[in-house]
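Topology and contacts: notes
Residue-level listing of the chains:
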Amino acid sequence: MREHGIELLGLRRSLADLDLGMSLVMGVALIFGGVVCLLAAREAVGKALVATALTASVVALGLSVWLLPVPPIVLFAVACIAFGWPLVKPGPRQ
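Residues numbered from 1 in each chain as written. Predicted model: local features only at pLDDT ≥ 70, side-chain atom pairs only at ≥ 80, totals over all residues. Heavy atoms only, no water.

1. Some words on the nonpolar core
Judged by nonpolar contacts, Val50, Ala53, Leu54, Ala60, Leu61, Phe76, Ala79, Cys80 and Phe83 together constitute the single largest core of nine residues. Looking at this core, the elements that each hand over two or more residues are helix 2 (47-67) and helix 3 (70-88). Sorting elements by how many residues they give to this core places helix 2 first, with five residues. Setting aside residues up to four positions removed in sequence, Leu54 forms contacts with Cys80, Phe83, Gly84 and Leu87. (Core = buried A, V, L, I, M, F, W, Y, C linked by side-chain atoms within 4.5 Å. Buried < 20%, exposed > 50% of the residue type's maximum accessible area, 1.4 Å probe, protein only. Helix = DSSP H or I, 4+ residues; strand = E, 2+ residues; numbered from the N terminus. Contact = heavy atoms within 4.5 Å.)

This is the structure:
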């Protein structure tokens, strides 16, 4: 993949560069989406949204471990921890 390059809009990149770049961008986008979910859950919806996001993150982590390079594996693991923490952390007493 490092040997084969393509040109996109005047920039020459190898397939390895494109794969790594897409992996990193996907991870950053999912971290952003996770933060949005956590903020929304804190304000309104509660643990159902966090549990749904955790389930999706665990599935994505499994697929990443099976098929993808290291960056999305690490970032999905971080997302799983971020979504799992509010579910196991005791909330404030009401």
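Picking up where we left off.
2. A word on the confidence of the model for the protein chain
Summing up the model confidence of the protein chain, the mean pLDDT is 79 and the portion of residues at 70 or higher is 86%. The least confident element of the protein chain is strand 1 (residues 5-8), whose mean pLDDT is 76; the most confident is helix 3, at 85. (pLDDT = per-residue confidence, 0-100.)

3. Focus on the side chain of Ser57
Position of Ser57 among the secondary structure elements: in helix 2. Judged by its relative accessible area of 8%, Ser57 is buried. Ser57 has contacts with Phe76, Ala79, Cys80 and Phe83, leaving out every residue within four places of it along the chain.

4. A look at the packing of helix 2 against helix 3
Two numbers describe how helix 2 lies on helix 3: the axes approach to 8 Å, and their chain directions differ by 155°. As summarised for this structure, helix 2 and helix 3 are arranged roughly antiparallel, according to the angle between their axes. Judged by the sense of rotation from one axis to the other, the crossing of helix 2 with helix 3 is left-handed. Between helix 2 and helix 3, the residues in contact are Lys47, Val50, Ala51, Ala53, Leu54, Ser57, Val58, Ala60, Leu61, Ser64 and Val65 and Pro72, Ile73, Phe76, Ala77, Ala79, Cys80, Phe83, Gly84, Pro86 and Leu87, respectively. Considering only residue class, the contact of helix 2 with helix 3 consists of 17 nonpolar, three polar and one charged. (Axes fitted to C-alpha atoms, helices over the stretch in contact; angles between N-to-C directions. Parallel < 35°, antiparallel > 145°, perpendicular 65-115°, else oblique. Left-handed = near helix turned anticlockwise from the far one by under 90°. Nonpolar A, V, L, I, M, F, W, Y, C, P; charged D, E, K, R; others polar.)

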